[in-house]
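Understanding the architecture of this molecule
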Amino acid sequence: MSGLTRIIIEYRINTPTYIAGADQKEPELRAPSFKGILRWWHRASDARIVDKPSVENKIWGGTDKQSGQSHVFLSVVKGSSSFKKWQWDRSRLARFNQGRGRFTKNGLAYLGYPFGLRGNRDRCAITPGQRFSLGFTIVRENELAFEDQFSIVASLWCFSVLGSCGTRARRGFGSFQPESMTIEGEGAEEWQEIFNKLPVLDQINSPSALKTAVSEAVKKIESHLGRFPEDIAQPHLYSGFQIKILNPHSDWESALNEAGLRLQTFRQRKEPDYSLVKKLLNSPRHGMSSPERVTFGLPLNFRFSRVREAAFYPQRISREQEKPPERLASFLFIKVFKLGEPFYPAFFLMRGAVPGIHVPIRCEINHRSYYLKRAEKNLLEEFFESL
């Protein structure tokens, strides 16, 4: 292929992937969905955006006159219509149940709880074990400085190794990993040299290789694109970024179940949260402490008998915001890797403005809001260190 440079990466799907079109029932790989994930990883890896927010639109496109079209055209090269479909089956997943009644633990059901709800039972996911390929065509290369080219490569690397897609992507579903990469066109040699600055995508085939690759990649990305300030709200990579890999399993279900069981068991042990929320329900007032569990992400609901409920949301992060956000996604990511024959569940933790620690919290009870002070500890970091 002459002319434009095209990067083609083939991926293997490791866990059910709930990614679909408008009806949310039939699985469908759509280029705009992946483009959004790529932009997210750009914002997480390119620290230049702190002082120059226009960097993102310059590379990935924007609506203002200064931005223009993206320098990266993304297309789904292979996949979609021939995919085998997977549906949530409570009876089949019940083999992971531990305990009885309301004390039952099931890590897989815990991570995928929305898929078993009545409105989601007809939804189909892409069955694990299948493959798809994405093409990334670079246009107007002469307008890109080396740092911009490296930023594109860094975004693709993070997207390929750390990224997931679809519903519950941060909780292990939609896990994929790169299996091969080819670069075609007149600029192939130049782009290959830039990729060579980061660990080779298709040679990450063991837990030790994965840990080493992630550590080396983050250091190289920081050296070329800068380091994020500690207090920035944007979720981002940071110096010392870790990925924690758990036990090997013979199938993805067992791997994801172990990850979910670790998280479920840890969160259920935090009984003081329930005591604090009950006290707030019995005597609502401003200034009480936020439950520590809000650090795992918002919104968060606590339900008790007699139809009592407390819902926790973010307050405004800054006065410039017209209204506070309704949702703050978790900084804790779960992903399943296939390294050799076994499947490994892995956790990693991004840095940024943690709910309840850096972002103030409000509690809604009977349509009234109560403003709370910070949580006493960052439960998210405590859990990550316990792994």
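First, a word on what this report is: a plain description of the structure on this page. If you're wondering where the values come from, they're calculated on a predicted model, not measured in any experiment.

The next point concerns the sheet that holds strand S11 (residues 343-349). The antiparallel open sheet is built from three strands, whose spatial order is S7-S11-S10. Because the sheet does not close on itself, it has two edges, and the strands there are strand S7 (243-245) and strand S10 (332-338). Going from strand to strand, the sheet's axes swing by 25° on average, the running direction of each strand aside. Sheet topology places S7 next to S11; three bridges connect them, and they run antiparallel. Within S11, the residue paired with Lys 244 across the bridge is Phe 347.

Bringing the pairing of strand S12 (residues 361-365) into the picture now. A regular strand carries its side chains on alternate faces of the sheet. For S12, a buried count of four out of five residues is recorded, marking the element as mostly surrounded by other parts of the structure. Bridge analysis of strand S9 (residues 308-314) against S12 gives four bridges, and the strand direction is antiparallel. Its bridge partner being in S12, Tyr 313 is matched across the sheet by Arg 362. Bridge count for S12 against strand S13 (residues 368-372) is five bridges, and the pairing is antiparallel. Note on S13: the bridge partner recorded for Cys 363 is Tyr 370. The hairpin turn running from S12 into S13, its antiparallel successor, is two residues long, and Asn 366 in that turn takes a positive phi close to 50°.

Here we take up helix H10 (residues 379-386). Listed in full, the buried residues belonging to H10 are Leu 379, Leu 380, Phe 383 and Phe 384. Buried residues of H10, seen end-on, are gathered within an arc of 135° and therefore sit on one face of the element. Lining the buried residues of H10 we find S7, helix H8 (252-268), S10 and S11. By the N-cap criterion, in which a side-chain oxygen at the helix start approaches the backbone nitrogen of a residue two or three places on, H10 is capped by Asn 378, the distance to Leu 380 being 3.1 Å.

On to H8, then. Structural remark: α-helix, 3.6 residues per turn; residues separated by three or four positions point the same way. In a regular helix each residue adds 1.5 Å, so 17 residues correspond to 24 Å; H8 covers 24 Å between its end C-alpha atoms and thus fits that length. Most of H8 is tucked away: 15 of the 17 residues are buried. The backbone nitrogen of Glu 253 lies 3.2 Å from a side-chain oxygen of the residue at the head of H8, namely Asp 251.

To continue, consider the nonpolar core. Counting residues in hydrophobic clusters, the biggest one holds 99 residues, and the most contacted among them are Phe 34, Trp 41, Phe 136, Trp 157, Phe 159 and Met 350. Broken down by element, the residue count for this core peaks at 10 residues, all from helix H5 (residues 146-162). When residues no more than four places from it in sequence are discounted, the contact partners of Met 350 are Trp 40, Trp 41, Ala 44, Pro 235, His 236, Leu 237, Tyr 238, Phe 241, Phe 331 and Phe 333. The next biggest cluster of nonpolar side chains, apart from the first, holds 19 residues, and it includes Val 277, Leu 281, Leu 298 and Phe 304.

Turning our eyes to something else, we now look at the environment of Phe 333. With respect to the secondary-structure elements, Phe 333 resides in strand S10. On the basis of relative accessible area, Phe 333 is assigned to the buried category, the value being 8%. Spatially, the C-alpha atom of Phe 333 lies 24 Å from that of Ser 223, the residues being 110 residues apart in sequence.

Moving on: the pattern of salt bridges. Scanning all chains against the criterion turns up 19 salt bridges. As a salt-bridge pair, Arg 293 and Asp 273 come within 3.1 Å of each other at their nearest N and O atoms. Residue Arg 293 is located in the loop between helix H9 (271-282) and strand S8 (300-304), and its partner Asp 273 is located in helix H9; the two are separated by 20 residues in the primary sequence. Because the salt bridges share partners, they merge into one network encompassing Asp 46, Arg 48, Lys 58 and Asp 148.

Put simply, helix H1 (residues 31-45) and H5 touch, their axes get as near as 8 Å, and they point 110° apart. Taken together, H1 and H5 sit at an angle that is classed as roughly perpendicular. Like other packed secondary-structure pairs, H1 and H5 cross with a definite hand, here right-handed. On the side of H1, the interface is formed by Phe 34, Ile 37, Leu 38, Trp 41, His 42 and Ser 45, while H5 contributes Ser 151, Ser 155, Leu 156, Cys 158, Phe 159 and Leu 162.

Cut-off values and rules
Residues numbered from 1 in each chain as written. Predicted model: local features only at pLDDT ≥ 70, side-chain atom pairs only at ≥ 80, totals over all residues. Heavy atoms only, no water. Pairing = 2+ DSSP bridges. Helix = DSSP H or I, 4+ residues; strand = E, 2+ residues; numbered from the N terminus. Axes fitted to C-alpha atoms, helices over the stretch in contact; angles between N-to-C directions. Buried < 20%, exposed > 50% of the residue type's maximum accessible area, 1.4 Å probe, protein only. Arc of directions from axis to C-beta. Contact = heavy atoms within 4.5 Å. Polar contact = N/O pair within 3.5 Å; in protein donor to acceptor, adjacent residues only side chain to side chain. Expected span 1.5 Å × (residues − 1). Core = buried A, V, L, I, M, F, W, Y, C linked by side-chain atoms within 4.5 Å. Salt bridge = Lys/Arg side-chain N within 4 Å of Asp/Glu carboxyl O. Parallel < 35°, antiparallel > 145°, perpendicular 65-115°, else oblique. Left-handed = near helix turned anticlockwise from the far one by under 90°.

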